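Residue-level structural notes
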Amino acid sequence: MKKAHVVTMEASGPTLEDLGWNSFFADQLSAEEQGGEVCPVRVMAVHRGMVDIAGSGLGGMINSALPVSEGPEDRAAVGDWLLVDRARLEPVRILDRVNLFKRKAPADQRRLQLIAANVDTLFIVTSCNQDFNVARLERYLVMAREVGVRPVVVLTKVDLAEAPERFLEAARALQPDLEVEMVNGRDPASVGRLARYCGKGRTVALLGSSGVGKSTMINGLRGSDEIETQPIREIDGKGRHTTTGRQLYPLDGPAKGGWLVDTPGMREFHLPDAATGIAEVFDDITALTQACRFGNCTHTTEKSCAVLAALRDGTLEPKRLERWRKLRDEDAENTPGNGGRRPASAGGRRRKKTNG
């Protein structure tokens, strides 16, 4: 087992509130825990078998193994809050999360990959070039809606695009009232407009493909160039992985006090259990399925199908219906207990109420 390396943090270091601690987490501590030998810390980075922590006067690396694990989600992710035994420097348990971003591992669909926990806002980052992909953006939006996180689409490399307005129009068409920002990552004033989403103790996560400018954006928000950036390939506009791990970065400048999670670029993203997110992102199709005459309508050949009627009269685009079907079928295959059966409609389950 790897040895913990923990240092005592100075009084001037971040407080629990600076790190995002609030009543949602505090209410989970028992009276014994509040005055005992355990202390809450936030997971700043995850490594193989180790986590980097901060809080309660402690900071550094400790082993990530929990005394008891009850499932694939019962392990630390970036942004998690852990209770740690101060004397032994070992995790006791993970506090309940406000939300959790996760995906099926690309190399092994049987394994779940935890991306980030306790996020307030999700920046869905794409560039104004060949990377812009409606189907991928909808997939990210489904994930954000599923866990109840505020999504913001951030269009980068606007300074290199001949007509960035067309990308703006396409992004806004994805959902009514969707927030979309256009950013030149190398212009501090342009990046600074994103600061309004980042407040003291608030956590923003970035998702997007490699080479879309996430690292450049982080450097702009942090007012530094500490994070390595790499140019994209001119032949196809695709980038190489710069970020190789997940980490919480403190923000400075106009966004000072906030925290930002960078993640490795992800082109392959298989959604697990996302019926609610699909229903909300494709709310127009959801409404149509509920207008069908029969509850078991498959929306393929039925004469009384409202979805097919909308397709015929031009109010529903064939490509959008195709993307909905693909996500719906994928969700059916990935949802435990469903046996891979394809649902007849897009109706989503009721969302659990969350704090934050």
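Residues numbered from 1 in each chain as written. Predicted model: local features only at pLDDT ≥ 70, side-chain atom pairs only at ≥ 80, totals over all residues. Heavy atoms only, no water.

**Observations concerning the overall build of the protein chain**
When its secondary structure is counted, the protein chain shows 10 helices and 14 strands. Restricting to contacts in the protein chain with at least 6 residues of sequence separation, those with at least 24 account for 67%. For the protein chain, the exposed area adds up to about 17800 Å²; of that, 48% sits on carbon and sulfur atoms. (Helix = DSSP H or I, 4+ residues; strand = E, 2+ residues; numbered from the N terminus. Contact = heavy atoms within 4.5 Å. Areas by Shrake-Rupley, 256 points an atom, 1.4 Å probe, with all protein chains shown as cover.)

**A closer look at the confidence of the model for the protein chain**
Scored by pLDDT, the protein chain has a mean of 82; 80% of the residues are at 70 or more. The secondary structure element of the protein chain with the lowest average pLDDT is strand 1 (residues 5-8), at 65, and the one with the highest is helix 1 (residues 23-26), at 96. Residue range residues 228-244 is modelled with pLDDT below 50. Its contacts to residues more than four positions away, or to other chains, number 38 contacts. Note that residues 339-356 has pLDDT below 50 and, in this model, 38 contacts with residues that lie over four places away or in other chains. (pLDDT = per-residue confidence, 0-100.)

**Considering the packing of helix 3 (residues 134-147) against helix 10 (residues 318-334)**
Remark: helix 3 packs on helix 10, axes separated minimally by 11 Å, with the N-to-C direction vectors making an angle of 45°. As the angle between them shows, helix 3 and helix 10 are arranged oblique. When you trace helix 3 past helix 10, the crossing you get is right-handed. For the pair formed by helix 3 and helix 10, the contact residues are Val134, Ala135, Glu138, Arg139 and Val142 on the first element and Arg320, Arg323, Lys326, Leu327 and Glu330 on the second. Of the residues belonging to the contact of helix 3 with helix 10, the class tally is four nonpolar, no polar and six charged. (Axes fitted to C-alpha atoms, helices over the stretch in contact; angles between N-to-C directions. Parallel < 35°, antiparallel > 145°, perpendicular 65-115°, else oblique. Left-handed = near helix turned anticlockwise from the far one by under 90°. Nonpolar A, V, L, I, M, F, W, Y, C, P; charged D, E, K, R; others polar.)

**Digging into the packing of aromatic side chains**
By convention here, two paired aromatic rings are described through the distance between centres and the angle between planes. Inspection of every chain in the model, using the stated rule, returns six aromatic pairs. Here Phe24 and Phe25 contribute two aromatic rings whose centre-to-centre distance is 5.2 Å and whose plane-to-plane angle is 90°, an arrangement assigned as edge-to-face. You'll find Phe24 and Phe25 in the same group, each marked buried. Here a set of aromatic residues connected by ring pairs shows up, and it is made of Trp21, Phe24, Phe25 and Trp81. (Phe/Tyr/Trp six-rings, centres within 6.5 Å; stacked < 30°, edge-to-face > 60°. Buried < 20%, exposed > 50% of the residue type's maximum accessible area, 1.4 Å probe, protein only.)

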